[in-house]
Amino acid sequence: MVRQIINPYKEAVDIVKEMGGEALRLCYQCGLCTGACPWNVLKSFPVRKLMHEAQLGLLDFEAEDMWACVTCGNCVQQCPRGVEIIDVMRAMRRTIVALGVGPVPDSLRVTMKNLAGTGNPWGEPTEKRADWAQGLNVKPFSNGAQMLYFPCCTTAYDASVSRIGKATATVLQKVGASFGILGSKEACCGESARKAGDEELFQRLVQENTAAFAESGASTMVVSSPHCYYTFMNEYPIAQNGLQVLHSTQYLAGLLREGKLKFSKEVKKRVAYHDPCYLGRHSGVYDEPREVLSSIPGVELIELPNNRENSICCGGGGGNVWMETKPGERLAEVRAEQALDVGADVLALACPYCMLMFEGCLTQDVLDRLELRDITELVAEAM
Amino acid sequence: MEEPKIGVFICHCGTNIAGTVDIDEVREFAAGLPGVVSARDYKFTCSEPGQLQIKEDVKNLGLNRVVVAACSPRMHEITFRKAVAEVGLNPYLLQIANIREQDSWVHKNGSTEKAKALIRAAVQRANLLESLERREVPVTPSVLVVGGGIAGIQAALNIANANHKVYLVEREPSIGGRMIQLDKTFPTLDCSSCILTPKMAAVGSHPNIELMTYSEVEDVSGYIGNFKVKVRKKPRYVDSELCTGCGICIEKCPWKTDSEFDMGLGKRKAVYTPFPQAVPNVPVIDPDVCVYFEKGTCRACEKFCPPGAIAWDQKEETVELEVGAIIVATGYDLLDPSPLTQYGYKRLDNVITSLEFERMCSATGPTGGELVLKDGSAPQSVAIIHCVGSRDKNYCEYCSRVCCMYALKYSHLIGEKTDADVYQLYIDMRCYGKGFEEFYKRLSDEGVNFVRGKVAQVTDQVAGEEEQGKLVVVTEDTLLGRMLRIPVDMVILCPAMVARADADEVARRFLINRGADGFFLERHPKLEPVATASDGVFVVGCAQGPKDIPDTVAQASAGAAEALSLIDRGTVEIEAATAVVDEEMCSGCKICLALCPYNAITFDEEKKLANVNDILCKGCGVCVAACPSAAITGRHFTDKQIFAEIDGLLADVKPPLVAV
Amino acid sequence: MVTGTYEPTIIGFLCNWCAYQGADLAGTSRMEYPPNVRPVRVMCTGRIDPTFILKAFAEGADGVLVGGCHPGDCHYLEGNYKAIRRITMVRRMLEQFGIEPERFRLEWVSASEGAKWAKIVEEMTEQVRDLGPLQWWENVREA
Ligand SMILES: Cc1cc2nc3c(=O)[nH]c(=O)nc-3n(C[C@H](O)[C@H](O)[C@H](O)COP(=O)(O)OP(=O)(O)OC[C@H]3O[C@@H](n4cnc5c(N)ncnc54)[C@H](O)[C@@H]3O)c2cc1C
Ligand code: SF4
Ligand code: SF4
Ligand code: FES
């Protein structure tokens, strides 16, 4: 029998605790988290075991498991002892990044380097940040405008996702909202950096953006990404600065209630809505997206078997969007299968990461049968 | 007032106080305070020699005030009051400084300074203390027991057998509580009805017990030794005097509804007794189901009842009782597991709760004791999920204490009735009681599968041939470190035991507190386990917290003993620290009258003065603080005494430049 | 004025049945918290005369903390409701004297909430420490 010596990384484990993994002491090893974790439908990801290894100081920082958590929050929501499992996962990654006790996956390292250099994950030039809006007559934010639109790096730079930004801008223009964008003055919200353990980089991005927002003088900001939304709401000093942040679906639902969102066309489709983790579980926004979708003439809204609090992650959270996932281990595939099973023509999304994940993971065969549309796209189409 | 001669006695409490408070420094400080003639310390002031030290000093030094700096007054005020009374000092001339619970035990630094401030305040207050006389009033020698589960039954019998009158009030048509719903009981597997029905019958026929079923307590007033209780009796529409319990009405009644007793698994009639061995064996007519109340028709029961006991014109009745003590034994409810959607209760067939399972196993239950699935067949495999809502901060943080054991019991019962494989899905096996570990071993020997893990999901979404038509239990086996899918036919949930839905109301009615877990709070978790914040009101059984039958019975007898010792004493002392009106100063404004929660203040129309009734006043002081003429004094908590205390607490901080 | 060693003194008025027992429980459970609150036991928060609070401030307290039973749980049924009303008045008076609202607190602590008591004391001590010593008489003089 192999005997294990306790505490080979005593310091590292203390740091895990110090870096926010403290609630870990409460874990009583019931294993509910493992069972709740979507990964375990596809592959083994021993969440509970990681918690115990962390408690005893027996973590293997070299293991792939350090990077698997998609921070979807399904386990945290149910844990009977209130262990903030995501914080523990983040603390482990932070320990690796800060102390170099284990390898950071290559793709993630490149992404973080890009973020540090250019403020976006692709390393694209900052000047190009407003390019997605070319030809749409979207103005830079000026003090007179009602609100600021923050598109998210993915929307701004990724060719297949920029349609979210375009659709949003179109809808905003059609309802006559006065809005503008910051373009090259803004940077990534930094959520991925934080979840990937690069706290220093995250704090830098917070400072840059906070300064840019303050300088702009905006009082309302609409965002496309639930990740930006969650981060601004919970990890930025934004509320103190008096800036109101709304996810695009919240903004649209508001217009709807005020009678300002009018449709002229039908979209005759069976639409299933995928709750993004960061809009649903993390931010508690479940009703607004459904309200908007079901108001679109012709749309038949159907629910996926795992919906609302029980939604399954697309697989992109926690920095996983920047990492390779092996075929057969893709959560997006599980989700698409569920949508097809309930007879959906369209999988409605509300998150640029989800869009990127689904686009990247699904085979053409599936994409032929299941359309991927952001909610704003469907709204724009019906206006 | 005589010149105060104060003695200060500082307790080390072993190292409990002396470990953090510098006793010598504090003693010297105390000795220098105005009015103090002696300051002494001792290892355990509450011990015999410690008390002797106080008594000797009172005698030899002529002390007329005593300050004890020790543990909380809630701990030993009574002890020290008694000690000083023994040497002729009025017990109200004693003051305690709490330097343990609120000082040495909670502060690493600064406890010596705080102890000094507390002692200075106590000394200054002691300067102004006045003698008070306690009065004794006679006790009504009868007891009210609320709730007729095993706890209430046991307590009632104990008291009645000691030749005292008991009123037993039960909300349901019969006594028996949860225990009579159970089939067999761990760890001995004796049948619940077999051991309980004789006790129920004894209650029903005891000359000293007045059984009031289908009744609820509406109002409680008075105080320890002399409570006045109003009980509302719901109409049964069956005359208890005439009814012979033949049951013909039940047989003839054509109207049915779900049986509460059988957890909705079976039916009962509009006229019913919840179960055959009910005590009293007098049916009730449920006006919500009986058509006579709606349409005036049917009356089948009336036609067939041999003694003509059906009484349509019965009305609700309120009865007033006088009792000396009250025992609350209202038991528990089970958590409704439907909000834990992952387990599929009410959504998936053959997911049932433990109490439903108990009814199913009972020979007099809805299936005649057969263990069957929805489709009538016998299960081939059963999963039992522990800790459903227990030990879970999202629902109930505490352990329900009986589930591990009854879950084991179920393995045995399932084995008796079927060939099914049984899976126990547990987090920790808690088998701590007498005979429990032995029972665990016995069941292990009978062949049960133990899987350690909190179940993530029960689903009917199958993945593969062997899961077809089954319920699949998804969990990590934490000992294997592997995810398991266990296909079974039946899932039994063990939901948390929770406080009764109306616990809040009941707490308010009897002036008792509830703990963070929702159950009624005992006065002290170890030393006063059945007393409550209300003198003369005791709480026993699962109303106080989850427990098994042996613990319930033991606690019920403890409650009975407490109640007996109270009513056998014959008299109780009543609070002397009451309010008193100064006739000179009362302006007759009547503000106080409306404020008193006990209606203890009356108004003398002739003299135009308010008057406080000593016996009714509980000394809360609401009127004292409200009187605009400062005409009411709260004895033992006078304005002057409290000001002196505040003064003493603050004497070491910067003096103010202006005074109020 | 605030020096590194400044420690505020806070007077606590605790009802006998809930807050005082809760504070005792914090002791029985050996929860550590700062020694800055000095307790006065009263039978019920309903007994607390506004002058007690003013007296405490006048005698040099930097803060006052009133602890009673949760609404609905008062041992004397409604003493705490009466306290709430009186305390609203006290708040207004303190405001007139220029005493920061953070220096006065009303908290519900049940007999089983030892941890809550410890937390409240810790929080309030910190808050009042940050405010520095109370020199309200200076405000009064100016006014
Ligand atoms: C599924 C299950 C299986 C169990 N199996 C076992 C076992 O095998 N062995 C064992 O030792 N223990 C077992 N227990 C525990 C056992 O049920 C309890 O210990 C016992 O029933 C507690 O009795 P009680 O009198 O305190 O409460 P209860 O049985 O709940 O009785 C309370 C009574 O008070 C009445 N009441 C409630 N509110 C009022 C009111 N306001 N006014 C008037 N009356 C009121 C109720 O109607 C009821 O009759 C089991 C528990 C469960 C849930
Ligand atoms: S669910 Fe919570 S308590 Fe259970 S093993 Fe996971 S972290 Fe630990
Ligand atoms: S947050 Fe989601 S992915 Fe991460 S461990 Fe929990 S359930 Fe698994
Ligand atoms: S007894 Fe606690 S507030 Fe009245």
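How each quantity is defined
Residues numbered from 1 in each chain as written. Chains lettered and ligands numbered in written order. Predicted model: local features only at pLDDT ≥ 70, side-chain atom pairs only at ≥ 80, totals over all residues. Heavy atoms only, no water. Contact = heavy atoms within 4.5 Å. Buried area = accessible area lost by both parts, 1.4 Å probe. Salt bridge = Lys/Arg side-chain N within 4 Å of Asp/Glu carboxyl O. Polar contact = N/O pair within 3.5 Å; in protein donor to acceptor, adjacent residues only side chain to side chain. Helix = DSSP H or I, 4+ residues; strand = E, 2+ residues; numbered from the N terminus. Nonpolar A, V, L, I, M, F, W, Y, C, P; charged D, E, K, R; others polar. Near = heavy atom within 4 Å. Domains from an automatic or database assignment. Pairing = 2+ DSSP bridges. Right-handed = clockwise from strand over helix to strand, strands pointing away. Disulfide = S-S within 2.5 Å. Buried < 20%, exposed > 50% of the residue type's maximum accessible area, 1.4 Å probe, protein only.

1. Some words on the interface of chain B and chain C
Interfaces are often described in size by the accessible area the parts lose on coming together.
Here is step 1: Each partner contributes residues to the interface: chain B has 55 residues there, and chain C has 54 residues.
Here is step 2: Interface area for chain B against chain C, summed over the two sides, is near 5000 Å², with a carbon-plus-sulfur share of 59%.
Here is step 3: A per-residue breakdown of the area chain B buries against chain C is headed by B:Arg74, B:Gln102 and B:Phe637, which together make up 13% of the total.
Here is step 4: Taken together, the links from chain B to chain C amount to five salt bridges.
Here is step 5: The shortest N-O distance in the salt bridge between B:Asp639 and C:Arg47 comes to 2.7 Å.
Here is step 6: Our count for the chain B to chain C interface comes out at 19 residue pairs in polar contact (both at pLDDT 80 or more).
Here is step 7: Mapped by element, the contributors of at least two residues to the side of chain B that touches chain C are helix H3 (73-86), helix H4 (100-104), helix H5 (111-127), helix H17 (622-626) and helix H18 (639-650) of chain B.
Here is step 8: Taken together, the residues that form the side of chain B that touches chain C break down as 28 nonpolar, 13 polar and 14 charged.

2. Re the arrangement of the chains
Here is step 1: Contact analysis covers two pairs of chains in contact, and the most contacts occur between chains B and C.
Here is step 2: Across the gap from chain A to chain C, with no contact made, the nearest C-alpha atoms are 17 Å apart.

3. Some words on the site of ligand 3
Here is step 1: Around ligand 3, the structure places A:Cys37, A:Pro38, A:Phe45, A:Val47, A:Cys69, A:Val70, A:Thr71, A:Cys72, A:Gly73, A:Cys75, A:Ile86 and A:Met89.
Here is step 2: In terms of residue class, the shell around ligand 3 is made up of 10 nonpolar, two polar and no charged.

4. Digging into the domain arrangement of chain A
All names here are of chain A.
Here is step 1: Taken domain by domain, chain A consists of domain 1 (8-99), domain 2 (107-255) and domain 3 (262-382).
Here is step 2: Domain 1 puts seven residues into the contact, and the matching count from domain 2 is seven residues.
Here is step 3: Summing the contributions of domain 1 and of domain 2, the shared interface buries around 650 Å²; its carbon and sulfur component is 61%.
Here is step 4: Taken as a group, Arg-90, Arg-94 and Val-97 account for 63% of the area that domain 1 buries against domain 2, more than any other trio of residues on that side.
Here is step 5: Inspection of the region where domain 1 meets domain 2 yields one salt bridge.
Here is step 6: A salt bridge links Glu-199 to Arg-90, with the shortest nitrogen-to-oxygen separation between them at 3.8 Å.
Here is step 7: The interface formed by domain 1 and domain 2 holds one residue pair in polar contact (both at pLDDT 80 or more) in total.
Here is step 8: Class assignment for the residues of the side of domain 1 that touches domain 2 results in three nonpolar, one polar and three charged.

5. Some thoughts on the site of ligand 2
Residues and elements named next belong to chain A.
Here is step 1: The full set close to ligand 2 counts 13 residues, and Cys-27, Cys-30, Gly-31, Cys-33 and Cys-79 are the nearest of them.
Here is step 2: Contributing elements (two or more residues each) for the shell around ligand 2: helix H2 (32-36) and helix H4 (47-56).
Here is step 3: Broken down by class, the residue content of the shell around ligand 2 amounts to 10 nonpolar, two polar and one charged.

6. Regarding the domain arrangement of chain B
Here is step 1: Taken domain by domain, chain B comprises domain 1 (6-134), domain 2 (135-234 + 316-331 + 501-573), domain 3 (235-315), domain 4 (334-498) and domain 5 (578-634).
Here is step 2: In this structure, domain 3 of chain B and domain 5 of chain B have C-alpha centres spaced 53 Å apart.

7. Some details on the pairing of strand E5 (residues 269-273) of chain A
Residues and elements named next belong to chain A.
Here is step 1: Sheet topology places E5 next to strand E6 (residues 299-302); four bridges connect them, and they run parallel. Counterpart to Ala-272 in the pairing with E6 is Ile-302.
Here is step 2: Handedness of the E5-helix H14 (residues 287-295)-E6 crossover: right-handed.

8. Overview of the state of the cysteines
Here is step 1: Per the counting criterion, the structure on display carries two disulfides over all chains.
Here is step 2: One disulfide bridge connects B:Cys191 with B:Cys194, the sulfur atoms lying 2.1 Å from each other. Negative torsions about the S-S bond denote left-handed disulfides, and the value of about 90 degrees found for B:Cys191 with B:Cys194 makes this one right-handed.
Here is step 3: Shown here is the disulfide that connects C:Cys18 with C:Cys69, its sulfur atoms set 2.5 Å apart. Between C:Cys18 and C:Cys69 the sulfur-sulfur dihedral comes to about 95 degrees; the bridge is accordingly right-handed. Of this pair, C:Cys18 sits in the loop between strand E1 (10-15) and helix H1 (19-28) while C:Cys69 sits in the loop between strand E3 (63-68) and helix H3 (79-96), and the two are 51 residues apart along the sequence. As far as the burial class goes, C:Cys18 and C:Cys69 line up, both buried.
Here is step 4: The cysteine B:Cys290 is free of any disulfide, with B:Cys301 supplying the nearest cysteine sulfur at 6.3 Å.
Here is step 5: You can call B:Cys290 buried: its relative accessible area is 10%.

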